[in-house]
Amino acid sequence: MVQALAARFEQRVVSLSAGAGFGKTVLLSKAVAENLLAPRGVDLWLSCAEGDRDWGPLATGVLHGLGVEDPDGFGSAEAAVRVIAAEVRRRSPTEIALVFDDVHLVGSATTGAELLRLLVSELPANGHLVLCGREAPPLPLARLQAQGLASNLGQVDLAFTAEETAAFAELRDVAPGLLQQTGGWPAVAELTASMGQAGAIRFLWEELLERLPVAQRQLLAGLVAVGGGDADVAGAVCGDPGALAVLGTLPLMSQTADGWWVPHALWVAALANELSVTAVGEARRRAAHVLAGRGDFPAAMRLLLLAEAWSDVRTLIRDSSVQLAPPGGEGAQRGWYAGLPDEVRRTPEGVLLRAMSVRVSDPASSARLYEEAAAGFRDGGAVEAEVTCLTGLVQLYFWRGEATAGAHAAERLAEPAVGGSVRAIAIMQALAGLLAADLTTGLAGLELISVTDLGVLAPALEWLKAIYLLALGRPEQAEPHARRAYSQWPREACAAVIEVLRCTGRVTEAYLEAEKLLAGRLGPPTTRQYAVPIALLAFTGRQDEARAHLPAARASVAGAGPMHWTEAALALAEAAVAVADGDESTAGHLLQSGLTAVSLPLATLRRMHEGFAPLCYVLLPQMRQGWDAERMEGTARRIRDMAVALVTLRESGSLQAHVHLPALDPAVVRGLLPRPWLVELAVGLHALGRADGARILEELGPQVRPTVRTLGMGKPAVLAEAARRLLPGIPLLPGRTLEIRVLGPLEILHDGVPVSADVLRRERVRQFVSFLVAEPVTTRDAVAAALWPDFDDATARNNLKVTLSYVQRLLEPDRDDNDPPYYLRATGPRLRLWVEGLRVDAWQFENLLDTAVVQERNGLPSSALDCYQQALALYRGDFLVESPAIEWLDVEQRRLRARFVAAGVRAGELLLAGGAHDQAHRLAVRAIHADPWSEAAHRLTIAAYLAAKDPGSARQALRRCYAMLRELGVRPQPETLMLARRLAQ
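Residues numbered from 1 in each chain as written. Predicted model: local features only at pLDDT ≥ 70, side-chain atom pairs only at ≥ 80, totals over all residues. Heavy atoms only, no water.

Examining the sheet that holds strand β13 (residues 830–833)
As a reminder, the rule being used: Note: two strands are recorded as paired if DSSP finds a minimum of 2 bridges between them. Think of it this way: any DSSP run of H or I at least four residues long counts as a helix, any run of E at least two long counts as a strand, and we number them from the N terminus. As a rule, the C-alpha atoms of each element are fitted with a line to give its axis, helices using only the stretch in contact, and angles between N-to-C directions run from 0 to 180 degrees. Residue contacts follow a heavy-atom distance rule, with two residues in contact if any of their heavy atoms lie within 4.5 Å.
Reading across from one edge, β11-β13-β12 is the order of the three strands in this open sheet, with antiparallel pairing throughout. With partners counted over all chains shown, the strands left at the sheet margins are β11 (777–779) and β12 (824–827), one partner each. Averaged over all pairs of adjacent strands, the angle between strand axes in this sheet comes to 25°, irrespective of strand direction. Pairing of β11 with β13 involves three bridges; the strand directions are antiparallel. Along β13, the bridge assignment pairs T778 with L831. Contacts between helix α45 (residues 763–774) and the sheet are confined to β11, β12 and β13, with β13 contributing the most and set at about 80° to the helix. Strands β11, β12 and β13 of the sheet are contacted by helix α46 (residues 780–787), whose axis makes an angle of about 75° with β11.

Next comes the structure, spelled out in structure tokens:
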């Protein structure tokens, strides 16, 4: 927030608007204090009062702030603004910010407001306005905002976050739950903590509600009754969509990106008696019609049940039941049914709702109820409703794997009584595709359907197309369908998006989507929705995370109801984790058990998850003939061919199947097979001399080393030999962290503990390490020439060999002699210090200083000071002081020393502005010790003594500074002369 307010010196107007008790003045004070530490300009503060509704007192207050003690009278607001503008311009190039606090007291239709409007247009370029009040300022700012010259901070920005509310509760020694209903409003949080909710409600009435016109208060009460709304809902509730604008001035009214206003729970109690019961019911009914028109059936049903509008409820049941995944889930539908009176339950709509509410827990009863509802609708001539019941039947039979019954129900959709419905025909085609065993035929059926014919079913169609295209090995074609489905059907379609990303090599993106699904941010996952991200994690080497989610996946089976693929989905997840753990026997048993329980055709397995093909092919020999006969293309065929190559190598010791594999892109295939299998495949490719094998291993990283070592000790011989050749080139991840300190005397630390080994006392060892930090990529000859310049080549190379072994032992003391090094890698003549996972103080030093520069640029000098101090603490002396002579080292040492001195001086200046003159003096002394010729460091010493009220020491420091400048033959800088003048005074 302070950083945002720092923009006041670059923008014409910055407004800060929020209700009473949101800490606006505190924020302004903090921003002004930050500017005093590192001035960008001058803040002139004016606290507004009721008298400032007139332009005269307001203009006089501004001019007093500008230092005009006795301003003459003005004939008009325009004349006053001209004088103010002249005073601001006179101070150019200094930036002047006129800060008006409590500007809402000026009003909107007043001469004081007119003065502010004139200031916006007439101030010179170095003049700026900060307007802080309870309401957005009544100024024409749209054009300035479009140009990036005006910005607004609102109550959403100022409210406590959940973490801040919890911290506040702890400070006030109250239970965190007590403040959960305060909406992050600081004043209400304080009142609730001290007086309870009654005090908070009194605050709302006294500060806000009593000041609203009755019509606006009733609009607010209507929106509270319906749980919030946008312009359409507001128009339905009160007949005036424009009245919604008043909500922007009220606290505890949050607005979503799509314009939906959500009233806080505190308003419910505060407005409990504003509307009659009849008025509340009518508001809910009208709002429900708007929501139902958008397809938000759960919200509409909630309002209609509260309003007891039973005719509308029956209509909504018919409209909402056309979705493949009825809204709200089975639990919500049971709640709807429980809220119906008996006379509504006996209607066809009531029977239909009951059918939907038990189709998971009691599918047999659900099928009977769908039939009963369909008959009732047919008797009443409700064709579309009968179509809905038959569609529900087909879906129910599909879930249970009863293809014959499902096909029979689908055929009934074509009967003359209902076959004239365009939507019925489209649904029949979609469901025929669902039941098709042949993927190509199923996709062709789906392609015949017009999305516009399906209405709310359109996301389900997009999802089905994505699933079919994935199963056919076309993830690139599947992606747009998956994305469109995801935008409206996020929980159901997220798994398809994950599969698209996995099959196209974008594993990092897939992890982000998997996290949403597994964390339940899209709703409680089903078993299949658990299986997809778990398989992703297990396939890509994150089996510990995958295993942690298995209990939740197993628990989800109980609520899966008639889903006939549930056991198979769980088997996929568990088998993937077992393979990642190296337990293929258990994985095979799990997979066999899961598939036996559901007896799914291969095409259905491919629709569920592409991972079934490699797992089944490798682990279940009896299924290989079926997989070989499957017509596959694209990614699906590539996955099967890799599984075939793996099995062929294992069973016959032959690399023949590897020969026929096309070149594999490491970035793409890294998630297509479980990692141990992909490593095994890559080693086989390497045995053939193919470069893609080594590239795959490099892509997977050092984590593959245990698998390669195991392969080197097994069979077949051709694989073991290739693995043994590869093993020396795959480093082992160190068991301890390594830190090298080179700013000052060399230090090496493992897990934060300095190394005191005798080998570190060897001069050449210390020089070798320093050389590597200076040049992480080098050659043996370059190191030998630098460390032993006076020796012949043979002696220098021999010394290098011995010293290299010492350095390896120093960097990785726990490494087995037979394992390749991780940090210092020697490949032929080349030496490379591996920087991943390595901490070097010089690198941290520069990163911190770079961050401090950015923080200052963003107007956050206090944060910059923290970075400066952290960086200065790392600097123990010159960079690589023990390094042998390197051509560029002197320049680099001078550069880092200059950065240290500049950082020390700047940090000292910030400390001095905050009153910490002792700390500023210590930094000045350090800076002068590093660079005795730094005038800025000398100047900081003088200023620190002045701040400490020690003019004698300040004069001595000034004499030393002058002597240094005479020796250099340069004149003092203006800032130094300013200090000299202060001393003279």
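Topic: the pairing of strand β3 (residues 96–101)
Selection rule: Only protein chains enter the accessibility calculation, which uses a 1.4 Å probe; a residue whose area is less than 20% of its type maximum is buried, one above 50% is exposed, and one in between is partly exposed. Handedness of a crossover: with both strands directed away from the viewer, a clockwise path from the first strand across the helix to the second marks it as right-handed.
Within β3, six of the six residues are buried, leaving the element largely enclosed by the surrounding structure. With burial as the criterion, each face of β3 is covered, one bearing I96, L98 and F100 and the other bearing A97, V99 and D101. Pairing of strand β2 (residues 42–47) with β3, which is carried by six bridges, proceeds in the parallel orientation. Counted as the bridge partner of V42 is I96 from β3. Summarising the sheet, β3 and strand β4 (residues 127–133) pair through five bridges and their orientation is parallel. Bridge pairing in β4 places F100 opposite L131. One crossover worth recording links β3 to the parallel β4 by way of helix α5 (residues 111–122), and it is right-handed.

Quick notes on the nonpolar core
Test applied: The definition of a nonpolar core used throughout is a set of buried Ala, Val, Leu, Ile, Met, Phe, Trp, Tyr and Cys residues joined through side-chain atoms within 4.5 Å.
Within the largest apolar cluster, 113 residues are counted, with the highest numbers of intra-cluster contacts made by L591, L605 and V683. Core analysis: the second largest hydrophobic core is formed by 64 residues, L746, Y868, L880 and L940 among them.

Points about the pattern of salt bridges
In plain terms, the rule: Basic side-chain nitrogens of Lys or Arg form a salt bridge, by our definition, when they fall within 4 Å of a carboxyl oxygen of Asp or Glu.
Tallied over the full model, the rule gives 41 salt bridges. Of the charged contacts in the structure, one is a salt bridge between E386 and R378, with a shortest N-O distance of 2.7 Å. For R378, a relative accessible area of 39% translates into the label partly exposed. A network of salt bridges, in which partner residues are shared, links E739, R741, E747, D841 and R876.

What to know about the sheet that holds strand β10 (residues 753–754)
Spatially, four strands are ordered β10-β9-β8-β14 in an open sheet, and the strand pairing comes out mixed. If you trace the sheet from one side to the other, it starts and ends with β10 and β14 (838–840), each paired once. Across three bridges, strand β8 (residues 738–741) lies against β14 in parallel orientation. Bridge pairing links L738 to L838 in β14.

Focus: the layout of surface pockets
Stated formally: Grid points spaced at 1 Å and placed over the protein atoms alone form the basis of the search, with a cavity being a set where a 1.4 Å probe fits but cannot get out and a pocket an open set showing protein on both sides within 12 Å along at least five of seven lines. Lining residues have an atom within 4 Å of a point. Grid points are joined across faces, edges and corners, and a volume is the space filled by probe spheres set on the points.
Taken as a whole, the second largest pocket holds about 770 Å³ of empty space. Lining the second largest pocket are 26 residues; nearest its centre among them are E698, G729, P731, R825 and W834. Looking at the lining of the second largest pocket, the elements that each hand over two or more residues are α42 (691–700), β12 and β13. Ranked by residues supplied to the lining of the second largest pocket, first place goes to α42 with five residues.

Comments concerning the state of the cysteines
Here is the idea: a disulfide is a covalent bond, and it sits between the sulfur atoms of two cysteines. This is how it is decided: Two cysteine sulfurs form what is called a disulfide whenever their separation falls within 2.5 Å.
Taken as a whole, this structure holds zero disulfides when the rule is applied. With no disulfide of its own, C132 lies 9.5 Å from the sulfur of C48, the closest cysteine sulfur.

Description of the packing of helix α48 (residues 841–857) against helix α49 (residues 861–874)
The relative placement of two packed helices comes down to the angle between their axes together with the axis-to-axis distance. Condition: When describing relative orientation, an angle under 35 degrees is termed roughly parallel and one over 145 degrees roughly antiparallel, while 65 to 115 degrees is termed roughly perpendicular and anything else oblique. Handedness of each helix crossing follows the sense of rotation of the near helix against the far helix: counterclockwise by less than a right angle gives left-handed, clockwise gives right-handed. Ten residue types, Ala, Val, Leu, Ile, Met, Phe, Trp, Tyr, Cys and Pro, are classed as nonpolar, four, Asp, Glu, Lys and Arg, as charged, and the remainder, Gly among them, as polar.
Remark: α48 packs on α49, axes separated minimally by 8 Å, with the N-to-C direction vectors making an angle of 160°. As summarised for this structure, α48 and α49 are arranged roughly antiparallel, according to the angle between their axes. In terms of crossing hand, the pair formed by α48 and α49 is left-handed. In contact with D841, Q844, F845, L848, L849, T851, A852, Q855 and E856 of α48, α49 contributes S863, A864, C867, Y868, Q870, A871 and L874. Within the contact of α48 with α49, the residues separate by chemical class into nine nonpolar, five polar and two charged.

Structural notes on the side chain of E574
Within the secondary structure, E574 sits in helix α33 (residues 566–580). Using a relative accessible area of 13% as the deciding quantity, one classes E574 as buried. Contacts of E574, omitting those with residues within four sequence positions, involve L550, R554 and L590.

Focus: the environment of L443
Secondary-structure assignment places L443 in helix α25 (residues 439–447). When its relative accessible area of 8% is taken as the criterion, L443 is described as buried. Separated by 25 residues in the primary sequence, L443 and Y468 have C-alpha atoms spaced 6.2 Å apart. Contact partners of L443, with chain neighbours within four places excluded, come to K465, Y468, L469, L472 and R474.

Quick word on the packing of aromatic side chains
Going by this rule: For Phe, Tyr and Trp, where Trp contributes only its six-membered ring, two rings pair if their centres lie within 6.5 Å, and the inter-plane angle classes them as stacked under 30 degrees, edge-to-face over 60, or tilted in between. Over a ring means this: the NZ of a Lys or the CZ of an Arg is within 6 Å of the ring centre and within 35 degrees of the ring normal.
Tallied over the entire structure, the rule returns five aromatic pairs. Taking 5.8 Å as the distance between ring centres and 80° as the angle between the ring planes, the aromatic pair formed by W463 and W489 counts as edge-to-face. Of the two residues, W463 is situated in helix α27 (residues 458–471) and W489 in the loop between α28 (475–488) and α29 (490–503); the sequence distance between them amounts to 26 residues. Residue classification places W463 among the buried residues on the basis of a relative accessible area of 19%. Centre to centre, the rings of Y875 and F900 are 4.2 Å apart; their planes meet at 10°, and the pair counts as stacked. Of this pair, Y875 sits in the loop between α49 and α50 (889–913) while F900 is found in helix α50, placing the two residues 25 residues apart along the sequence. Three or more aromatic residues joined by ring pairs make a cluster, and in this case those are F845, Y875 and F900. The residue whose ring lies beneath R825 is Y822, and the NZ or CZ to ring-centre distance is 5.0 Å. Directly above the ring of W834 sits R825, whose terminal nitrogen or CZ lies 3.5 Å from the centroid.

A short note on unusual backbone geometry
Generally, phi is negative for residues other than glycine and the peptide bonds are trans, each holding for most cases. The omega torsion across K715 and P716 is 0°, close enough to zero to call that bond cis. Of note, P716 is situated in the loop between α43 (705–712) and α44 (717–726). Positioned with a positive phi, D102 is a non-glycine residue whose angle comes to about 55°. Relative to the helices and strands, D102 is located in the loop between β3 and α5. On the basis of relative accessibility, which here comes to 27%, the residue D102 falls in the partly exposed class. Non-glycine residue D751 carries a positive phi angle of around 50°. By secondary structure assignment, the location of D751 is in the loop between β9 (747–750) and β10. A residue is classified by how much of its surface remains accessible, and D751, at 44% relative accessible area, is partly exposed.

Details of the packing of α43 against α44
Interaxial distance between α43 and α44 falls to 7 Å at its minimum, and their mutual angle equals 135°. Looking at the two axes, α43 sits oblique to α44. Handedness of the α43/α44 crossing: left-handed. Where α43 abuts α44, its residues V708, L711 and G712 lie against L719, A720, A723, R724 and L726. Class assignment of the residues belonging to the contact of α43 with α44 gives a composition of six nonpolar, one polar and one charged.

Some words on the environment of W185
By the element assignment, W185 lies in the loop between α8 (162–171) and α9 (186–195). Taking the C-alpha atoms as reference points, W185 and T161, 24 residues apart in sequence, are found 9.5 Å from one another.

Points about helix α15 (residues 297–307)
As a reminder of what qualifies: The definition of a polar contact used here is a pair of N or O atoms within 3.5 Å, where within protein one atom must be able to donate a hydrogen and the other to accept one, and adjacent residues in sequence count solely through side-chain atom pairs.
Along α15, the residues classified as buried are F297, A299, A300, M301, L303, L304 and L305. Its side-chain oxygen at 3.5 Å from the backbone nitrogen of A299, D296 defines the N-terminal cap of α15. Positive phi appears at E308, one or two residues downstream of α15, with a value of about 55°.

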